[in-house]
Amino acid sequence: MGLVPIVQNAIPFAVMVSVECTDVGLAVISKAALTKGMNKFVSVVYYNALATLILLPHFIFHRKRRAPLTFSLIWRFFLLGLIGTTGQILYFTGLNFSSPTLSSAMANLIPIYTLFLAVVFRIEKLELRRSSSQAKTLGAIVAVIGAFIVTLYKGPLLLKDSTSNAPDHPQLHLSQSSEWAIGGLLLALTCMSSGIWNVLQAATVKEYPEEMTIVFFYTFFITIQALAFSVIVERNLNAWKLTTLVEIVAIVCTAIFGSLFRIGIHTWCLRKKGPVYVAMFRPLGMAIAVLLTVTFLGYSLYLGSVLGSIVIALGFYTVMWGQMKEKNNLVVDIEDCSLRSASQKTPLLQPSE
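Criteria and thresholds
Residues numbered from 1 in each chain as written. Predicted model: local features only at pLDDT ≥ 70, side-chain atom pairs only at ≥ 80, totals over all residues. Heavy atoms only, no water. Helix = DSSP H or I, 4+ residues; strand = E, 2+ residues; numbered from the N terminus. Contact = heavy atoms within 4.5 Å. Areas by Shrake-Rupley, 256 points an atom, 1.4 Å probe, with all protein chains shown as cover. 1 Å grid on protein atoms, 1.4 Å probe; cavity = no way out; pocket = protein on both sides within 12 Å on 5 of 7 lines; lining within 4 Å. Points joined across faces, edges and corners; volume = space filled by probe spheres on them. Nonpolar A, V, L, I, M, F, W, Y, C, P; charged D, E, K, R; others polar. Core = buried A, V, L, I, M, F, W, Y, C linked by side-chain atoms within 4.5 Å. Buried < 20%, exposed > 50% of the residue type's maximum accessible area, 1.4 Å probe, protein only. Polar contact = N/O pair within 3.5 Å; in protein donor to acceptor, adjacent residues only side chain to side chain. Salt bridge = Lys/Arg side-chain N within 4 Å of Asp/Glu carboxyl O. Phe/Tyr/Trp six-rings, centres within 6.5 Å; stacked < 30°, edge-to-face > 60°. Axes fitted to C-alpha atoms, helices over the stretch in contact; angles between N-to-C directions. Parallel < 35°, antiparallel > 145°, perpendicular 65-115°, else oblique. Left-handed = near helix turned anticlockwise from the far one by under 90°.

**Student:** Just to check I follow, could you spell out the overall build of the chain for this structure?
**Tutor:** A tally of helices and strands in the chain yields 12 helices and two strands. Each helix and strand of the chain, ordered N terminal to C terminal, gives the series α-α-α-α-α-α-β-α-α-α-α-α-β-α. In the chain, 90% of the contacts between residues at least 6 apart in sequence involve partners at least 24 apart. Looking at the chain as shown, the accessible area adds up to about 18900 Å², and 69% of this sits on carbon and sulfur atoms.

Put into structure tokens, the structure is as follows:
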């Protein structure tokens, strides 16, 4: 294998890992801002509006270079925005009830949803007689099992919560368990919307390979839709005020790294590698989330989080192995077809004179 194919495969891998790191970092910052009183609905409006304003010059000055827009594309952008609006509101609500660790754990359901939808819409092939397809299916299931281990099994305490010095209260634990379950359900619905978004975005960028234009319309429509929803749901005008530094930092960072960087990279990788490849990087966020929440938020670390992270990593690398093997098999099949075609055109025995 030459240097060029290695670099071509390494770049999507590196940028997707960086996206997972920023996602977990943003979850930690957003959780801190929500704790300080940031409104979850208003925040979606603010950071998507900021991202749209940042992309506006690019949209204006490159209008002559890009492919023409059609009504069907605009409608698809609107639908992508609607899915994104629903997912982001569900995400912040679920995060408010739970923690960044749980959000990263539940995000491992995204590969299952994405793989299922990609197979249904024939974007991804799944032939269970092939070892590569078996590896992808098994790896996705293992990753989800690891996510449920983190969510449902705590196990012995490894690192104590540095902020908890108060005595235990059974009623408090019951309330926290109820909120944790609600948060988990909302985050599971978020993962379902992410799976739908991955498949629809992959089809869109294949038809219209202008990543930044897609991101611009995506954030633009989310801003309008989230604004309409927030005005109906949130009547308190004080909710629109950003009173602390952490709220402002959360909005700015989410606009730059969450909307622009993350969505831009996802759209690019969806065109290059497909929806399942993008979705299968979600398990890496689990280990990062455990490290950051324990280090910066002082959360307790339990054995279940460690075991679940290991299981998730095994599932992730199993799927990656299956995709690599499938790609290698495709190259071999193409070469075999080329050789057969050449042998049919060239006679084995030349006629003697």
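Now that the structure is up, let's keep going.
**Student:** Whenever I open this one, empty space enclosed by the protein confuses me. Can you help?
**Tutor:** Across all of its chains, the model carries two cavities of 30 Å³ or more by this definition. Each pocket or cavity is described by its volume, and for the second largest cavity that value is around 30 Å³. Along the walls of the second largest cavity sit Met38, Asn39, Val42, Ser43, Tyr46, Ala239, Lys241, Leu242 and Glu247, which together make up its complete lining. Examining the composition of the lining of the second largest cavity, we find that three residues originate from one element, helix α2 (residues 40-61), more than from any other. For the lining of the second largest cavity, the residue count by class is five nonpolar, two polar and two charged.

**Student:** Can you walk me through the nonpolar core in this structure?
**Tutor:** Buried together is how nonpolar side chains tend to be arranged in soluble globular proteins. One finds Met16, Val44, Phe77 and Trp197 to be the most contacted residues of the largest nonpolar core, which totals 49 residues. Listed by contribution, the elements that provide at least two residues to this core are α1 (3-35), α2, α3 (71-97), α7 (170-207), α8 (211-233), α9 (245-273), α10 (275-279) and α12 (303-345). If near-sequence neighbours (up to four positions away) are discounted, Met16 is found in contact with Ile265, His266, Cys269, Tyr277, Val278 and Phe281. Membership of the second largest hydrophobic core comes to 10 residues, among which are Leu109, Ile110, Val144 and Cys191.

**Student:** Just checking my understanding: could you explain the side chain of Asn39 for this structure?
**Tutor:** On the secondary structure map, Asn39 appears in the loop between α1 and α2. In terms of polar contacts, Asn39 uses its side chain to reach the backbone amide nitrogen of Phe41, at 2.9 Å. The residues touching Asn39, leaving out its near neighbours within four places in the chain, are Glu234 and Ala239.

**Student:** Explain the environment of Gly183 to me, please; I cannot follow it from the model alone.
**Tutor:** Tracing the backbone shows Gly183 in helix α7. As for Gly183 and Met106, which are separated by 77 residues in sequence, their C-alpha atoms are 9.9 Å apart. Gly183 has contacts with Gly94, Phe97, Ser98 and Leu102, leaving out every residue within four places of it along the chain.

**Student:** How should the pattern of salt bridges be read in this particular structure?
**Tutor:** Pairing between side chains of opposite charge can happen when their charged atoms approach one another. Overall, the coordinates contain two salt bridges when judged by the stated rule. A salt bridge links Asp23 to Arg262; its shortest N-O distance comes to 2.9 Å. Here Arg262 lies in helix α9 and Asp23 lies in helix α1, a separation of 239 residues in the sequence. Judged by relative accessible area, which is 11%, Asp23 ranks as buried. A salt bridge links Arg76 to Glu207, with the nearest nitrogen and oxygen atoms 3.1 Å apart. Linking Arg76 in helix α3 with Glu207 in helix α7, this pair joins segments that are 131 residues apart in sequence. Residue Glu207 is classed as partly exposed on the basis of its relative accessible area of 47%.

**Student:** Is there a simple way to think about the packing of aromatic side chains in this case?
**Tutor:** Two aromatic rings are characterised by how far apart their centres lie and by the angle between their planes. In total, this model carries 15 aromatic pairs according to the counting rule given. Ring geometry for Phe77 and Tyr208: centres 6.2 Å apart, planes at 65°, overall edge-to-face. Highlighted residues: Phe77 in helix α3 and Tyr208 in the loop between α7 and α8, separated in sequence by 131 residues. The same class applies to Phe77 as to Tyr208, namely buried.

**Student:** Please clarify how the side chain of Thr254 should be interpreted in this entry.
**Tutor:** The topology assignment puts Thr254 in helix α9. Note on Thr254: relative accessible area 9%, which makes it buried. If near-sequence neighbours (up to four positions away) are discounted, Thr254 is found in contact with Leu26, Ser30, Tyr47 and Ser259.

**Student:** In this structure, what is going on with the packing of α3 against α8? I would like to understand it.
**Tutor:** The axes of two packed helices give the description: the angle between them and the distance between them. It is at 8 Å that the axes of α3 and α8 come closest, and there the two elements cross at 55°. In terms of orientation, α3 and α8 fall into the oblique class. Where α3 crosses over α8, the two elements pack in a sense that is right-handed. The segment α3 lies against α8, with Ile74, Phe77, Phe78, Leu80, Gly81, Leu82, Gly84, Thr85, Gln88 and Ile89 engaging Ile214, Phe217, Tyr218, Phe221, Ile222, Gln225, Ala226 and Phe229. For the contact of α3 with α8, a count of residues per class yields 13 nonpolar, five polar and no charged.

**Student:** Can you help me understand the packing of α2 against α9 in this one?
**Tutor:** Packing of α2 against α9 leaves a shortest axis separation of 8 Å and a crossing angle of 65°. Crossing geometry of α2 relative to α9 is assigned as right-handed. In contact with Ser43, Tyr46, Tyr47, Asn48, Leu50, Ala51, Ile54 and Leu55 of α2, α9 contributes Ile251, Val252, Thr254, Ala255, Ile256, Ser259 and Leu260. Looking at the contact of α2 with α9, its residues break down into 11 nonpolar, four polar and no charged.

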